[in-house]
Amino acid sequence: MTAIPTAPTRRRLPLNWLGIVPFALFALLFLILPTMNIVVGAFRNAAGDLTLANIRGLFAPSIVASYWISIKISVASSLLGAGIGFAMAAAVVLGGLPSWIRSPVLTFSGVASNFAGVPLAFAFMATIGPRGLLTLWLLEKWGINLRAEGFTILSFWGLTITYVFFQIPLMILIITPALDGLKREWKEAANILGATTFQYWRLVALPILFPSLLGTFALLFANAFGAVATAYALTGSSLSIVPILLFAQIRGDVLQDPHLGYALAFGMIVITGVANGLYIWLRVRSERWLK
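Residues numbered from 1 in each chain as written. Predicted model: local features only at pLDDT ≥ 70, side-chain atom pairs only at ≥ 80, totals over all residues. Heavy atoms only, no water.

Novice: Would you mind going over the pattern of salt bridges with me for this structure?
Specialist: Any two side chains of opposite charge can pair if their charged atoms end up close together. Per the stated rule, a full pass over the model turns up one salt bridge. Among the ionic pairs, Arg102 bridges to Asp180, the shortest N-O distance being 2.7 Å. Of the two residues, Arg102 sits in helix H4 (residues 102–112) while Asp180 sits in helix H7 (residues 156–180), which places them 78 residues apart along the sequence. Under the relative-accessibility criterion, Arg102 is labelled partly exposed at 29%. Owing to a relative accessible area of 38%, Asp180 belongs among the partly exposed residues under this scheme. (Salt bridge = Lys/Arg side-chain N within 4 Å of Asp/Glu carboxyl O. Helix = DSSP H or I, 4+ residues; strand = E, 2+ residues; numbered from the N terminus. Buried < 20%, exposed > 50% of the residue type's maximum accessible area, 1.4 Å probe, protein only.)

Novice: What is the right way to look at helix H9 (residues 197–225) in this model?
Specialist: One full turn of an α-helix is made of 3.6 residues, so residues set three or four places apart face in the same direction. Helix length check: H9, at 29 residues, gives a terminal C-alpha distance of 36 Å against a target of 42 Å (1.5 Å per residue), a shortfall beyond 12%. Of all the bends in H9, the greatest, near 50 degrees, is centred on Leu206, and the proline Pro207 appears no more than four residues after it. (Expected span 1.5 Å × (residues − 1). Bend = angle between axes of the 7 residues up to and from the residue.)

Novice: Just checking my understanding: could you explain a nonpolar patch on the surface for this structure?
Specialist: A contiguous nonpolar surface patch, about 1,200 Å² in accessible area, is contributed by Leu15, Leu18, Val21, Leu25, Phe26, Leu28, Leu29, Phe30, Leu31, Ile32, Leu33 and Met36. With respect to the helices and strands, the residue Met36 is situated in helix H1 (residues 21–42). (Patch = residues over 30% accessible without salt bridge, like charges linked within 9 Å, V, L, I, M, F, W, Y side chains within 5 Å. Areas by Shrake-Rupley, 256 points an atom, 1.4 Å probe, with all protein chains shown as cover.)

Novice: Would you mind showing me how to read the packing of aromatic side chains here?
Specialist: Each aromatic ring pair is characterised by the separation of its centres together with the angle its planes make. Applying the stated criterion across every chain, the model contains eleven aromatic pairs. Three or more aromatic residues joined by ring pairs form one cluster here, namely Tyr67, Phe221 and Phe225. (Phe/Tyr/Trp six-rings, centres within 6.5 Å; stacked < 30°, edge-to-face > 60°.)

Novice: Just to check I follow, could you spell out the packing of H4 against H7 for this structure?
Specialist: The relative placement of two packed helices is expressed as an angle between their axes plus a distance between the axes. H7 packs onto H4 with a crossing angle of 130 degrees between their chain directions and a minimal axis gap of 8 Å. When the axes of H4 and H7 are compared, the pair comes out oblique. For H4 against H7, the interelement crossing comes out left-handed. Contact residues: Arg102, Val105, Leu106, Ser109, Gly110 and Ala112 in H4; Phe165, Phe166, Pro169, Ile172, Leu173, Thr176 and Asp180 in H7. Looking at side-chain class alone, the contact of H4 with H7 contains eight nonpolar, three polar and two charged residues. (Axes fitted to C-alpha atoms, helices over the stretch in contact; angles between N-to-C directions. Parallel < 35°, antiparallel > 145°, perpendicular 65-115°, else oblique. Left-handed = near helix turned anticlockwise from the far one by under 90°. Contact = heavy atoms within 4.5 Å. Nonpolar A, V, L, I, M, F, W, Y, C, P; charged D, E, K, R; others polar.)

Novice: Just checking my understanding: could you explain the nonpolar core for this structure?
Specialist: Soluble globular proteins tend to bury their nonpolar side chains together. Grouped together as the largest cluster of nonpolar side chains are 42 residues, with contacts concentrated most on Ile63, Tyr67, Ile175, Leu179, Leu182 and Leu264. At the level of elements, helix H3 (61–93), H7, H9, helix H11 (242–251) and helix H12 (258–290) are the ones that each hand at least two residues to this core. Ranked by size, the runner-up nonpolar core spans 16 residues in total, among them Ile128, Ile153, Ala231 and Leu234. (Core = buried A, V, L, I, M, F, W, Y, C linked by side-chain atoms within 4.5 Å.)

What follows is the structure, encoded as structure tokens:
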């Protein structure tokens, strides 16, 4: 008996990969290639030769001061956003509130976490600006003059409070799944052993949630550190933070060395990259417990 020859099988391109092609192209054109161009430009001079002069330029006193202000604003807004957001998420998930509250809170958090730029700056200017609604109400009702007390929307704390508006809902969205992962058996076991609610949170819940909390703080830091539209629309050039300094460099208003601008952007990429990398690493560690 002779074997019947079989036709060679053709390999077909799996069609399920076509769904990510638009996103891959978008990321390549608007994220990966521009980032590579910034990194390469940070180590080149106007003639196209390799140099470290641009990196050394980042240590100029004015640029170091801009980075320091940006870091302090990012840390302050992240601490406030993480603390308030965690308390709100814990109240919704574990606090015994009615179940119908959770959906509106998460929906609003999804919208508010993306509410930034000029609309957010205008909202806070209209509320706590020099002629804002809350500013005038405090002055007329209670005789409290915010400007006389040293507060202005164009200051460190003014920008920090504005950032907190989108930091809180982002914290709620990220920490809620971690709170859902706390097993009821852990609290029941702690109660059986005679632990109080405070002891349960201090010895059981918070140690388990600590990687998630620290990772979310790192993500909030990166989110605030890279914000530029809100800061520029709110303060203009009165507060010299790195995104505003970089924006001015791109427009050619301040610095006349575009490669130093690349170095500024490269420094921001490094800082936000470290923060995001820390978030991913801690998120993976926390998921081991919550599973």
